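Next come the chains, spelled out residue by residue.
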Amino acid sequence: MNFVPLALYAVALVAYVWHFVNRDAAVGRGATTLLVFAALAHTFVIGMQTVQYGHVPVAGPTSAISTFVWLLALAYLYTEMTTDERAMGVFILPLLVALQLIPALHPGVEPQLPVLQSPLFGVHVSALLLAYASFALACVIGVTYVLLFKEIKAKHLGIFYARLPSLQVLDRMNQQAIVIGWLFLTVGMIVGAVWTPQARAYAPGIPQLQAMSLRDPKIFVALVCWTIYSFELFAARRIGWGGRRAAYLSAVGFAIVLLNFVPISYFVDNSHKF
Amino acid sequence: MHLLLVGISHKTAPVELRERLDFQVRGVDRALQTLATRGSTREAVVLSTCNRAELYVACDDLPATRADMVTFLSEFNGVDRSVVAPHLYDVSDLDAARHLFRVAAGLDSLVVGEPQVFGQVKEAHTIAGEAHTAGPVLNRLFHASFAVGKRVRTETGLGSGAVSISYAAVALARKIFGDLGGRSVVVVGAGEMGKLTARHMKSQGVQHVTIVSRTMAHAARTADAIGGAAASPWEDLDSVLGASDIVITATGASAPILTKARIETIMRPRRNRPLFIIDIAVPRDVEPAASEIEQVFLYNIDDLQTTVRENLARRASEVARAEAIVAEELERFGGWLRSRGAIPTVVALRQHCENIRRAELSRLDYKLASVPQARALVDEITHLIIEKLLLTPTERLKSLGDTETVGAYAEALTRLFGLGERADDDTDARAPSSERLDGRVEPFTRIKQRGPR
């Protein structure tokens, strides 16, 4: 069922690329419309899964990725509508298509253990997914900032100069995305830490819960991310690390988020699997 | 009906002559009225800018109108005919339309792709509309040219990119800072170049302009000349620079004033605020190595000139796409113009029907004389029947694409209804009524009101 949104994301990607190359306003509007339809189809898929399985599909890695893609699409659409800038779509859409491939190739929703039905678990996962979507946006904005920065510095005004908003706007958007992401990340991690002892008491027979500690790769990497983004926020305000350095940090931060999200979830043995 | 264009432009005439043929001096509306009274044209629009003076007219007799236009141009502007004539160009019908489309697109401009001419074409049409000298043909022509202008602007890069130094500087500042509203500019040096660029920045929304010069009096005088600018003494240069976003250096100093080390000191308390330095002095006022500092964007006059050249080259590469749009819209307009070839046939057909109706009505006259209401009713009904019968054939004729088909249909209609001989006879026999008809039967505009669209 995840194939329909995937196909629509792919078609929207083509439209965004077309728009980026030819700067045709009508194609740009068409691209946005396609993305809206893709997000709607994705909403429908997630809604159907929720009805079918009786819970929002976020527990397993595959369904979490699907929900993440959906949130990122919505977050991007929100940014596009509020800023009226479409040039970033050409960087976001490939990410959406690549990640959506995973749920499309792994159909179905992982079964959810009864212990995960706690509302705290819901807050934990949705806060983290929102944080990751914000970081993805920040990363893309950061990448475009660096591309534009380099063109202006090198005095070679080309592709990005003609299409991207100004450096100052990109810098501000990046900061906003990082602040929002950092808030959700912090909330998600605190809720996770509060909920773990409760869950242990509730379901003593689950080995993963008992073994959960800071040495678990997934938790460890999440802490690394938190440290990086906290530093970025601090550096931007206290030591003037905005602009290009902030952009690089956003890219590094999201690379680690992605590492945590895909390879660690699937290939590394950890206590965070349910 | 033919389209005719007679005019001069920067391509055919020197500025001295263009100045003398500037219709804006004596008033475009007056020129239009004078043109209308001459009687050689049916419709007229005068396009007068500093780079061109062009008369777009619709007429019946091309050679006669052409000669009359040359006379008008020289008489109205008080320039001898022999002076004007060698610089004039004239083109007719679709070539005239193509010329206007290229003008509206900015393809015929001195700086290819400049946007002002589009507004001037629009204004020329508005003035002609107010003077009632633009009719169906020129209205259609000018609206088509607006479509060309809009499409070229949105679909090609013909008008994109700054093509002058000060525009290039402003465009760059916009790409770094976004909105220039709350930004402050410092001009170092009280020279002419710096003043010009600062004035341009101010017109683009920059709020604070400060002039710093070695002589305070010079700085104050330049600040006054710009208007709303402040002057600061030379000793305060570092603190002024620390508070600014854009710096324009244009002094006559022989050695760099702003070294890399000095800018580094200025940048430290600014943390991460970008500083855009435009060095338009020759020799340069800013050490080139300063551009290595993070968040310092340094452009000198050569860099700006390079971007201007690149933009001009990019515009040149967009010309082919713009020409394709011109060709496309010309094709569409040509189709419409050709369909107007059917007008004489339509007029003749309608006249033929109207004559029959009148003849039959006059035969009934004595029977209906006693009941005037019935007479009016019959008149109205017969009129309506004719209108309805002729609606479809008129619409069909109008939508025909090429000249040959129009000719064939016109031929068929003429033969089937015997239009040629009868119409002529009638015109001769009933001159007053046909004159009235001529005025009334404007087949397309009339039918349009009753047609589906």
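Look up a bit, the structure's there.
In this report, the structure presented in the accompanying data block is examined. Only a predicted model underlies this, so the values are computations on that prediction, with no experimental measurement involved.

1. Concerning the overall build of chain A
Right, so step 1: Assigned secondary structure in chain A consists of 11 helices and 0 strands.
Right, so step 2: Counting from the amino terminus, chain A carries its helices and strands in the arrangement α-α-α-α-α-α-α-α-α-α-α.
Right, so step 3: Within chain A, contacts between residues at least 6 apart in sequence are counted, and of these 80% link residues at least 24 apart.

2. Some words on the sheet that holds strand β10 (residues 296–300) of chain B
Residues and elements named next belong to chain B.
Right, so step 1: Pairing is parallel in the open sheet, where 6 strands are placed in the order β7-β6-β5-β8-β9-β10. Strands with a single pairing partner mark the edges of an open sheet, and in this sheet they are β7 (230–232) and β10. Neighbour-to-neighbour, the strand axes of the sheet open up by a mean angle of 20°, direction not taken into account.
Right, so step 2: Two elements, strand β8 (residues 246–249) and strand β9 (residues 275–279), share 4 bridges in a ladder whose sense is parallel. Across the sheet, I246 pairs through a bridge with F276, a residue of β9.

3. Things to note about the interface of chain B and chain A
Right, so step 1: Across the boundary between the two partners, chain B contributes 17 residues, which contact 18 residues of chain A.
Right, so step 2: Looking at the side of chain B that touches chain A, the elements with two or more residues in it are α8 (136–155), α9 (165–177), β10 and α14 (301–339) of chain B.
Right, so step 3: The element contributing the most residues to the side of chain B that touches chain A is α9 of chain B, with 4 residues.
Right, so step 4: Tallied by class, residues from the side of chain B that touches chain A come to 5 nonpolar, 6 polar and 6 charged.

4. Some thoughts on the packing of helix α7 (residues 167–202) of chain A against helix α9 (residues 217–238) of chain A
All names here are of chain A.
Right, so step 1: The interhelical angle for the contact between α7 and α9, taken along N-to-C directions, is 140°, at an axis separation of 10 Å. When the axes of α7 and α9 are compared, the pair comes out oblique. Taken as a pair, α7 and α9 cross one another with a handedness that is left-handed. Mapping the contact onto sequence places Q175, I178, V179, G181, W182, L185 and M189 in α7 and A222, C225, W226, Y229, S230, E232, L233 and A236 in α9.
Right, so step 2: The residue makeup of the contact of α7 with α9, split by class, is 11 nonpolar, 3 polar and 1 charged.

5. A look at the nonpolar core
Right, so step 1: Ranked by size, the top nonpolar core spans 125 residues in total, and within it A12, F68, L96, Y132 and A136 of chain A carry the most contacts.
Right, so step 2: Residue contacts for F68 of chain A: discarding those within four places in its chain leaves L99, L129, Y132 and A133 of chain A.
Right, so step 3: One finds L55, V84, L141 and A144 of chain B within the second-largest nonpolar core, a separate group that totals 56 residues.

Parameters and conventions
- Residues numbered from 1 in each chain as written.
- Chains lettered and ligands numbered in written order.
- Predicted model: local features only at pLDDT ≥ 70, side-chain atom pairs only at ≥ 80, totals over all residues.
- Helix = DSSP H or I, 4+ residues; strand = E, 2+ residues; numbered from the N terminus.
- Contact = placed C-beta atoms within 7 Å.
- Pairing = 2+ DSSP bridges.
- Axes fitted to C-alpha atoms, helices over the stretch in contact; angles between N-to-C directions.
- Nonpolar A, V, L, I, M, F, W, Y, C, P; charged D, E, K, R; others polar.
- Parallel < 35°, antiparallel > 145°, perpendicular 65-115°, else oblique.
- Left-handed = near helix turned anticlockwise from the far one by under 90°.
- Core = buried A, V, L, I, M, F, W, Y, C linked by C-beta atoms within 7 Å.
- Buried ≥ 20, exposed ≤ 12 C-beta atoms within 10 Å, placed from the backbone.

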